[in-house]
Amino acid sequence: MLRVVISGPSGSGKGTIVQELIKYKNYKLSISATTRAKRKTEEDGVHYFFKTIDEFKQMIEQDELLEYTEFCGNFYGTPKSFVDKTIQDGFDILLEIEVNGALNIKEKYHDAILIFIIPPTFTKLKDRLIQRNTETTEVINYRLTRAKEELKLFKEYDYIIVNDDLDQAIKQINTIVESEKLRSFRQKEVIEKMLNN
Ligand code: 5GP
């Protein structure tokens with residue numbers, strides 16, 4: 001079962017991609033904890049577990065997070081137990097996290113698949129962020145600066161998807177996941193079983 005990390009700048013459309021992917025039976029989505037304020041469109045326990053800074057710190061102290069980071073002034077982290085259980089239950093886990101988190105996951109799990117979603121142009125990214133209307137101009141500008149920094153780290157990722165067409169992007173991710181499952185190092189048990197018969 002795979003740990004699939006999906007990153008990309010705010011406005012790259014990665015959220016929509018992830019929501020489409022979880023319609024497939026093999027995937028489960030990790031729900032992160034965050035200290036960011038809840039947006040009107042969001043629900044606690046569905047989009048995020050919204051925490052106070054003290055609650056978040058407690059999660060860190062109790063070693064409940066697989067990784068965590070600070071992003072644009074807020075904390076975000078991946079609860080460990082759900083990820084472990086999902087893998088044990090035989091599902092692929094999707095982690096929609098930013099680059100620091102992605103790199104921390106890769107360090108812990110070398111076989112994690114890192115996918116970076118980019119918009120067709122930077123202008124499109126800006127337009128999407130403005131149209132989304134969930135952040136102030138100040139936050140949008142901060143996120144756009146951050147987006148350029150994230151883009152520079154593209155080589156750390158295994159795959160880059162240009163999100164020009166949603167269906168195409170979904171198809172490409174499913175192809176990646178299916179192909180990755182066929183990699184020889186993931187077929188060790190199948191071969192060993194055959195040799196031992
Ligand atoms: P947003 O505030 O737009 O929901 O998320 C901001 C950024 O934080 C996005 O790039 C998102 O992927 C990332 N993020 C969400 N949850 C986590 C997490 O648990 N860990 C890390 N490292 N990043 C996260």
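Examining the nonpolar core
A general tendency of soluble globular proteins is for nonpolar side chains to be buried together.
Step number 1: Residues Ile6, Leu21, Leu94, Ile115 and Ile173 are the most contacted members of the largest nonpolar core, which totals 18 residues.
Step number 2: For this core, the elements supplying multiple residues, two or more each, are strand S1 (3-7), helix H1 (14-21), strand S2 (27-29), strand S8 (113-118) and helix H7 (166-181).
Step number 3: The element best represented in this core is H7, accounting for five residues.
Step number 4: Sequence-distant contacts of leucine 94, that is, excluding residues within four places in its chain, are made with Val4, Ile6, Val18, Leu21, Ile22, Tyr27, Lys28, Leu29 and Ser30.

Remarks on the sheet that holds strand S7 (residues 92-96)
Step number 1: Taken in spatial order, the five strands line up as S2-S7-S1-S8-S9 in an open sheet, and their pairing is parallel. What marks the edges here is a single partner per strand, and that holds for S2 and strand S9 (159-162). The sheet shows a mean angle of 25° between the axes of neighbouring strands, direction not considered.
Step number 2: In this sheet, S9 lies alongside S8 in parallel orientation, the contact comprising four bridges.

A short note on the side chain of glutamate 180
Step number 1: As for its placement among the helices and strands, glutamate 180 is situated in helix H7.
Step number 2: A distance of 2.6 Å separates the side chain of glutamate 180 from the side chain of tyrosine 159, its partner in a polar contact.

Things to note about the pattern of salt bridges
Step number 1: As enumerated under the stated definition, the model contains 14 salt bridges in all.
Step number 2: The residue arginine 39 makes a salt bridge to glutamate 135 at a minimum N-O spacing of 2.7 Å. Taken together, the residues span a long stretch of sequence, with arginine 39 in the loop between strand S3 (33-34) and strand S4 (49-50) and glutamate 135 in the loop between helix H5 (122-132) and helix H6 (137-151) at a distance of 96 residues. The burial state of arginine 39 is the same as that of glutamate 135; both residues are buried.

Examining the sheet that holds strand S5 (residues 65-71)
Within a sheet, each strand pairs with its neighbour through backbone hydrogen bonds, oriented either parallel or antiparallel.
Step number 1: With mixed pairing, four strands are arranged side by side in an open sheet as S4-S3-S6-S5. Edge strands, defined here as strands with exactly one partner in the open sheet, are S4 and S5.
Step number 2: Contacting S3, S4, S5 and strand S6 (74-79), helix H2 (residues 53-61) crosses the sheet at an angle of about 140° to S5.

What about the site of the ligand?
Step number 1: Taken together, 16 residues are adjacent to the ligand, and Ser32, Arg36, Tyr48, Glu67 and Tyr76 come closest.
Step number 2: For the ligand, an oxygen atom lies 3.0 Å from a polar atom in the backbone of glycine 77.
Step number 3: Judged by the fraction of its atoms near the pocket grid, the ligand is located in the largest pocket.

Conventions used here
Residues numbered from 1 in each chain as written. Predicted model: local features only at pLDDT ≥ 70, side-chain atom pairs only at ≥ 80, totals over all residues. Heavy atoms only, no water. Core = buried A, V, L, I, M, F, W, Y, C linked by side-chain atoms within 4.5 Å. Buried < 20%, exposed > 50% of the residue type's maximum accessible area, 1.4 Å probe, protein only. Helix = DSSP H or I, 4+ residues; strand = E, 2+ residues; numbered from the N terminus. Contact = heavy atoms within 4.5 Å. Pairing = 2+ DSSP bridges. Axes fitted to C-alpha atoms, helices over the stretch in contact; angles between N-to-C directions. Polar contact = N/O pair within 3.5 Å; in protein donor to acceptor, adjacent residues only side chain to side chain. Salt bridge = Lys/Arg side-chain N within 4 Å of Asp/Glu carboxyl O. Near = heavy atom within 4 Å. 1 Å grid on protein atoms, 1.4 Å probe; cavity = no way out; pocket = protein on both sides within 12 Å on 5 of 7 lines; lining within 4 Å. Sits in = over half its atoms within 2 Å of the grid points.

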